[in-house]
Amino acid sequence: MKMKFWVTGTVALALGAVGCQPPAPEPEEVAEVTAKRSGELVRNMGSSMRTLSNLSALKTLTDVASSVGGFANVNVGGGLQALSITRMAQETPLPMPGTPDEVTSQAQAALVEKYLRERIFIEANVEETKGSSTTFRVTGEDLCSDGSAPATPECVASVDKYELRIRATNKGKDGLDLELLFGPDRAEPLSFSFSDVRVGMIVDLGGVKSTVKHLSPETELPRVMVGRVELALTSKGPQDVELRTAILDALSVEWDMATGAYAFSTAKVSPLTETRVWQKDGANWARVALNLATTEIRIPYSGAKAEFSGKQYVASLSGLSYAMEAQEGAEALTLAHLGLGQAQSYLALGNHKLATVDLNALSGRHFDLHVAKGTDGVAVLSVRPEFDLSVFTDMGPTYEYTEGQQPIDFRTNFNLRLSGGDAPSVRRVPANTSTGFPGGLQVVSGELSMTVNDSRVTVPASKCLVREGSTTESPSGVGFQARDCQ
């Protein structure tokens, strides 16, 4: 009797669970949810991008990057190139180019809504209903025209070869999930999730590989393609929109060529990037952040040295991070937690390190960079706790000597450090033709030092770091000197 009671209870629970399963969504429901959320996001993203592009602080950062970056990217002894932190800011992909105006945003949103309501999620496209899911078969006729004109045969044929289906799953209070299915095997390279305020998209590299193999069997694909990337848009209104990306599963791509094996990998991290625009106390605010984890590229050695035969070049970046918040109308900003990860970054050939990079190795490997204009309108850059960049290069093992040539010492140690006080700072001083001052970098507070091997230049507060004249030999051995800023 006890066993029968247990069996009866288990069956009852199972039936109850089935009974609680959300029903398959109706086409009208899928169309309404996806069209409404997608349209809102297009409009709100457009508004946020316009706000972001108008922030004065970002213009200040761009001006500083152009000014200081041109001075900092110079050749130092041994052919070593000094690295510029502002260059990183210049090359970071901010969502500013191609900012749509209000009319364009409205038109884009309306077109997206029209397609989803009238062309995609309609009763005629329902292929299957199963459990909590409804599957739609989408053809070229659906995608290649908005209905105002016939679709071109070329476009229809191109779309139809994908055998595209969209499976919509009712998630109850959690919203609606969409999965894009390609080919007869229904590979799943893309999936979407819709909730009241969030739309997420996940790209699966394994699914992408399966899809391409179906669509174009002759295409040569990497031997390994794994990992998942997510893009999520959260919109609580035109004044509060956030875009985030994340690497949900570590990315790894490996492929073989005649010269050997190549590989790219980057570790799991969430979030990878953040871009948020919101309103606080009547003012517009923006936040942009990056948090890249360990990333590596491997390339086969193709030189003539026998000891490196079969070896690989390995470029390993320990990480890359920063976080910035800016207020509308304010020209000052802070790039917080700037860094190159928690360990040394390097370029190696086999077991030999050709170059290493350490940033603030003895002070947390990160720093904050504050940019603000002084009373004279010139931007002042200050750092906390310090900026301490060390680069070592030794390319000698890869050099192929000619017969009888004497060995060359290719090793170079380079260090650039701005330290001392609470927030050591510098600013760019332009050239003065009347006094012959060539222009340089003034130390406003603290101390700036530059070291190349055994040579060193130290610049105290109020003095300037200036390039030496173009001579065959550098008097300082560094290529720069300290002098008055006039």
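Conventions we followed
- Residues numbered from 1 in each chain as written.
- Predicted model: local features only at pLDDT ≥ 70, side-chain atom pairs only at ≥ 80, totals over all residues.
- Heavy atoms only, no water.
- Helix = DSSP H or I, 4+ residues; strand = E, 2+ residues; numbered from the N terminus.
- Buried < 20%, exposed > 50% of the residue type's maximum accessible area, 1.4 Å probe, protein only.
- Contact = heavy atoms within 4.5 Å.
- Patch = residues over 30% accessible without salt bridge, like charges linked within 9 Å, V, L, I, M, F, W, Y side chains within 5 Å.
- Areas by Shrake-Rupley, 256 points an atom, 1.4 Å probe, with all protein chains shown as cover.
- Salt bridge = Lys/Arg side-chain N within 4 Å of Asp/Glu carboxyl O.
- Lys, Arg positive; Asp, Glu negative; His and termini not counted.
- Charge placed at Lys NZ, Arg CZ, Asp CG, Glu CD.
- Axes fitted to C-alpha atoms, helices over the stretch in contact; angles between N-to-C directions.
- Parallel < 35°, antiparallel > 145°, perpendicular 65-115°, else oblique.
- Left-handed = near helix turned anticlockwise from the far one by under 90°.
- Nonpolar A, V, L, I, M, F, W, Y, C, P; charged D, E, K, R; others polar.
- Phe/Tyr/Trp six-rings, centres within 6.5 Å; stacked < 30°, edge-to-face > 60°.
- Disulfide = S-S within 2.5 Å.

1. A word on the overall build of the protein
Move 1: Of regular secondary structure, the protein possesses 8 helices and 29 strands.
Move 2: For the protein, the proportion of its 486 residues judged to be buried stands at 42%.
Move 3: Contacts in the protein between residues far apart in sequence, at least 24 positions, make up 55% of those at least 6 positions apart.

2. A word on the environment of Leu416
Move 1: Its place among the elements puts Leu416 in strand E23 (residues 412–419).
Move 2: As a C-alpha pair, Leu416 and Leu389 span 27 residues in sequence and 5.3 Å in three-dimensional space.

3. Thoughts on a negative patch on the surface
Move 1: Residues Glu26, Glu28, Glu29 and Glu123 make up a contiguous surface patch of negative charge.
Move 2: Following the sequence through the fold, Glu28 ends up in helix H2 (residues 27–53).
Move 3: The class for Glu28 is exposed, based on a relative accessible area of 53%.

4. Some words on the packing of H2 against helix H5 (residues 102–120)
Move 1: Contact geometry for H2 and H5: axes closest at 8 Å, N-to-C directions at 165 degrees. As summarised for this structure, H2 and H5 are arranged roughly antiparallel, according to the angle between their axes. For the crossing formed where H2 meets H5, the hand is right-handed. The segment H2 lies against H5, with Ala31, Glu32, Thr34, Ala35, Lys36, Ser38, Gly39, Val42, Arg43, Gly46 and Arg50 engaging Glu102, Ser105, Gln106, Gln108, Ala109, Ala110, Val112, Glu113, Leu116 and Arg117.
Move 2: Split into classes, the residues belonging to the contact of H2 with H5 amount to 7 nonpolar, 7 polar and 7 charged.

5. Overview of unusual backbone geometry
Move 1: Going from Ser270 to Pro271, the amide bond is cis rather than trans, its omega being -5 degrees.
Move 2: In this fold, Pro271 is placed in strand E12 (residues 269–280).
Move 3: For the bond from Arg384 to Pro385, the omega torsion is 0 degrees, close enough to zero to count as cis.
Move 4: Assignment of secondary structure puts Pro385 in the loop between strand E21 (379–384) and strand E22 (387–393).
Move 5: For Glu163, which is not glycine, the phi torsion reads 50 degrees and is therefore positive.

6. Re the packing of aromatic side chains
Move 1: Per the stated rule, a full pass over the model turns up 8 aromatic pairs.
Move 2: Aromatic pair Phe121 and Phe136: ring centres 5.1 Å apart, planes at 80 degrees, arrangement edge-to-face. Highlighted residues: Phe121 in the loop between H5 and strand E3 (126–130) and Phe136 in strand E4 (residues 133–137), separated in sequence by 15 residues. Just as Phe121 is buried, Phe136 falls in that class too.

7. So, the state of the cysteines
Move 1: With the rule as written, the count across this model stands at 2 disulfides.
Move 2: Each disulfide pairs two cysteine sulfurs, and for Cys144 the partner residue is Cys155, the sulfurs being separated by 2.0 Å. Residues Cys144 and Cys155 are joined by a disulfide whose S-S torsion is about -85 degrees; by sign, that bridge is left-handed. Of this pair, Cys144 sits in the loop between helix H6 (140–143) and helix H7 (153–160) while Cys155 is found in helix H7, placing the two residues 11 residues apart along the sequence.
Move 3: Here Cys144 falls in the buried class, since its relative accessible area comes to 18%.
Move 4: Assessed through its relative accessible area of 28%, Cys155 is described here as partly exposed.
Move 5: Paired through a disulfide, Cys464 and Cys485 show a sulfur-sulfur distance of 2.0 Å. One disulfide, between Cys464 and Cys485, carries an S-S torsion of 115 degrees and so falls in the right-handed class. Of the two residues, Cys464 is situated in strand E28 (residues 464–467) and Cys485 in the segment after strand E29 (480–483); the sequence distance between them amounts to 21 residues.
Move 6: On the accessibility criterion, Cys464 (0% relative accessible area) is buried.
Move 7: Here the protein pairs its bonded cysteines, counted in sequence order, in the arrangement 1-2, 3-4.

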